[in-house]
Structure formats: C-alpha cells, structure tokens
Amino acid sequence: MRAMRSNVCGFLVLAAISCADPKDQQPLPTLDLLQVLPAASRVEVGASIQLGAQRVTGLMATNVTRSVKWTSDDEKIIQVTYDEEAGAVATAVGPGTAHIKADDDGLSAQAEFVVDAAVAALELDTGLFEIARGTSKHWGAMLIGEDGGKRELDKGTWGSSEPAVATVDGKGVVKGVAVGQATVTLTRDGLTTSQPVFVRDWTLESIDARVVGGTTLLAGASAPIRVSGAFSGGHSQDISGLFTF
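Read on for an overview of the structure. For clarity, every value in this text was computed on a predicted model and none was experimentally measured. (Residues numbered from 1 in each chain as written. Predicted model: local features only at pLDDT ≥ 70, side-chain atom pairs only at ≥ 80, totals over all residues. Heavy atoms only, no water.)

### A word on the nonpolar core
Here is step 1: Ranked by internal contacts, the top residues of the largest apolar core, which has 22 residues, are Leu51, Val68, Trp70, Ile78, Ile100, Phe113 and Val115.
Here is step 2: Looking at this core, the elements with two or more residues in it are β1 (32–37), β3 (48–57), β6 (78–83), β7 (87–92), β8 (96–104) and β9 (107–116).
Here is step 3: At four residues, the largest contribution of residues to this core is made by β9.
Here is step 4: Discounting chain neighbours no more than four positions away, the residues touching Val115 are Val43, Glu44, Val45, Ile77, Ile78, Ala92, Gly94, Pro95 and Gly96.
Here is step 5: Residues Leu122, Leu124, Trp139 and Val168 belong to the second largest nonpolar core, which totals 18 residues. (Core = buried A, V, L, I, M, F, W, Y, C linked by side-chain atoms within 4.5 Å. Buried < 20%, exposed > 50% of the residue type's maximum accessible area, 1.4 Å probe, protein only. Helix = DSSP H or I, 4+ residues; strand = E, 2+ residues; numbered from the N terminus. Contact = heavy atoms within 4.5 Å.)

As structure tokens, then:
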C-alpha cells in the first residue's frame, strides 16, 4: 500500500509539471562568457607572453583573440599589443601587479600579471658549507632583483668543479663523494655565482627523527619527517635524504 501511494504521488508530480503553463516554466540559463588565457601569470621585467581570448557560448568555445579590445590597467607594469602576425602579446615593463582586460560585445574578462624586477644577481646560502662524506645537503639559492628584492630561485644550472669530491643535481642537492674540497657553481641567464663545499670525514654518532611542525596532526593530514645526524667533533647535519619512510 505504501509503495502504491508513493508511485501515485510521483505520477501526480509529473502530471503537475507537464500540465504547467509554458509561460510559467523558467528556461535553463545559457552559458555566455569571455575568458582570457592564461588567466594569471608571474613574469620578470622584459618577458613577453602570448595571450588568447575565447568566448564560451553554451557548449561552444570560439577564439575571439582577433576581435576583442585589449587594454592594460597599468601600462607602467604590463603592456599589451595586437597585430595580425604576432597576435596578442603581453610585455612586462615594470615590477608590480596589473591586469590585462579583453572586451567583446558587452562581455569582459581579465588576466592578472605579477611582474618581478629583472634579476641582477644570484645568491647562494651564505656560511661555511660542510657535509659528511656519503651524505647529501640542499644548497639554497635566492634571486636578487634590480630593485634589491629577493625571491626563491626558480631555475638554474648547477655544476661542480670536482665531481669526484662532490656532485650537485639540478635542484641544488650536493652529495659528498670523497673527503676534499670542490666548488659548486650556479648559472642562470648569464649570471653566475659559486662557493666552495667541504666534504668531511665525520663519523655519525646518533640520529634524531622528528615530525616537522610538531607531533600533533589532524586526521588525514600529513607532515614531513626531518632526520638530524650528530657527527663526531660536535657537528650536526640534516640527513633526511638518506632515509625512506
């Protein structure tokens, strides 16, 4: 009886919908929007980025890069040009944050650009760089902008003068191969910096493993484990790279 009553109610609902006055039925909204691609970018002064614009109507996307009107809200930071051969191109001219806007038949969209000052120099972490033979250690590096600001290294080429003593990979991780001294060099877009690395014959005496950020975690959360090694002579070093958990 309950099942029959449920079915009857379902039929009544369907009947009410089908019998409704068409003028009372709300049409489904039709998607109509404009997009600028890429929607956000971080670049350095002097860099150029190709832009595109598309109009999405329903399930169709149409390339309207050629027909939209391109403007910048701050031409001291980012400028935009368009020609038939090169298309739409954004050029970073000064540090800061600005937006490039596209307008097309009543619709508009914009892309945000964060422009960093051009790099004037590279900087490796200062201080004596020592590692125990057979261990690895990351060598941090910073970019120094023409405005004096510093930011993390984004790209670069690493090298070692004595791979038999110490090697360095593409992420700046130095490995001590044999006791001795080598020079590690970082190069980026014509800029170079280098510092010596010393590989020591230290003896590992104890290790200490700890969760970064404390021992209390929320359910489903994760945190890295950092392993510190205590070596002979009172030396200590992060040796997390030697372990797999």
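Right, picking up where we left off after that structure.
### Quick look at the side chain of His99
Here is step 1: Relative to the assigned elements, His99 resides in strand β8.
Here is step 2: On the accessibility criterion, His99 (18% relative accessible area) is buried.
Here is step 3: A distance of 3.1 Å separates polar atoms of two side chains, one belonging to His99 and the other to Glu112.
Here is step 4: Residues within four places of His99 in sequence aside, it is in contact with Thr71, Ser72, Asp73, Ile78, Gln110, Ala111 and Glu112. (Polar contact = N/O pair within 3.5 Å; in protein donor to acceptor, adjacent residues only side chain to side chain.)

### With respect to the packing of aromatic side chains
Ring pairs (aromatic) are described by centroid distance and by the angle formed between their planes.
Here is step 1: Following the criterion strictly, the structure yields two aromatic pairs and no others.
Here is step 2: Ring geometry for Phe129 against Trp139: centres 3.9 Å apart, planes inclined by 15°, an arrangement best described as stacked. Taken together, the residues Phe129 in the loop between β10 (119–124) and β11 (130–132) and Trp139 in the loop between β12 (136–138) and β13 (141–145) connect sequence positions ten residues apart.
Here is step 3: Judged by relative accessible area, which is 6%, Phe129 ranks as buried. (Phe/Tyr/Trp six-rings, centres within 6.5 Å; stacked < 30°, edge-to-face > 60°.)

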